[in-house]
Amino acid sequence: MPGVSCVNSTGAFYLFPNISRLGLKSTEFCAKLLEAEKVAAVPGIAFGADEYIRLSYATSMANIEKGLDRLEKFARSLAR
């Protein structure tokens, strides 16, 4: 996914992708992602890491795939 990097989770039910290459801080990124693609994420600033977002994957594989497709669409729109 352009502009997003992420380490695999090792036991939790969430991921903490780095969005620093997309030019937005976490609060603005999450607000715009929710508005544009209806995908909810928690701003990393809540955890002291403003260049990250937190995504839960405690849902069905179909929902995860749909959410990731939407996240990728949003990331591509910023990476231009």
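Here, the structure is the one placed above.
Quick caveat: nothing in here was measured; it's all calculated off a predicted structure.

Our focus in this paragraph is helix 2 (residues 61-78). Its 18 residues place the ends of helix 2 26 Å apart at the C-alpha level, agreeing with the 26 Å of an ideal helix rising 1.5 Å per residue. Turning to helix 2, its buried residues number three or more, namely Leu-71, Phe-74 and Ala-75. Along helix 2, the residues classed as buried sweep out an arc of 100° about the axis, all on the same side. Facing away from the buried surface of helix 2 by more than 90 degrees, the exposed residues are Ala-62, Asp-69 and Lys-73. Of the surrounding secondary structure, the elements contacted by the buried residues of helix 2 are helix 1 (26-37) and strand 3 (53-56).

Let us look at the layout of surface pockets. Roughly 280 Å³ of internal volume is contained in the largest pocket. Of all elements in the fold, only strand 3 and helix 2 reach the threshold of two or more residues within the lining of the largest pocket. By residue number, the principal contributor to the lining of the largest pocket is helix 2, which donates five residues.

Bringing the packing of aromatic side chains into the picture now. Per the stated rule, a full pass over the model turns up four aromatic pairs. Taking the centre distance of 5.1 Å and the plane angle of 75° together, the rings of Phe-29 and Phe-74 count as edge-to-face. Of this pair, Phe-29 sits in helix 1 while Phe-74 sits in helix 2; the two residues are 45 residues apart in sequence, bridging distant segments of the chain. No difference in accessibility class separates Phe-29 from Phe-74, as the two residues are buried. Aromatic ring contacts, followed pair by pair, group Phe-16, Phe-47 and Tyr-52 into a single cluster.

Take the sheet that holds strand 2 (residues 42-43) next. Strand order in the open sheet formed by three strands is 1-3-2, and the pairing between neighbours is antiparallel. The outermost strands of the open sheet, each flanked by one partner alone, are strand 1 (14-15) and strand 2. In terms of strand pairing, strand 2 meets strand 3 through two bridges, oriented antiparallel. For Pro-43, the partnering residue across the bridge sits in strand 3 and is Ile-53.

About the criteria used
- Residues numbered from 1 in each chain as written.
- Predicted model: local features only at pLDDT ≥ 70, side-chain atom pairs only at ≥ 80, totals over all residues.
- Heavy atoms only, no water.
- Helix = DSSP H or I, 4+ residues; strand = E, 2+ residues; numbered from the N terminus.
- Expected span 1.5 Å × (residues − 1).
- Buried < 20%, exposed > 50% of the residue type's maximum accessible area, 1.4 Å probe, protein only.
- Arc of directions from axis to C-beta.
- Contact = heavy atoms within 4.5 Å.
- 1 Å grid on protein atoms, 1.4 Å probe; cavity = no way out; pocket = protein on both sides within 12 Å on 5 of 7 lines; lining within 4 Å.
- Points joined across faces, edges and corners; volume = space filled by probe spheres on them.
- Phe/Tyr/Trp six-rings, centres within 6.5 Å; stacked < 30°, edge-to-face > 60°.
- Pairing = 2+ DSSP bridges.

Honestly, it's all geometry; don't read function into it.
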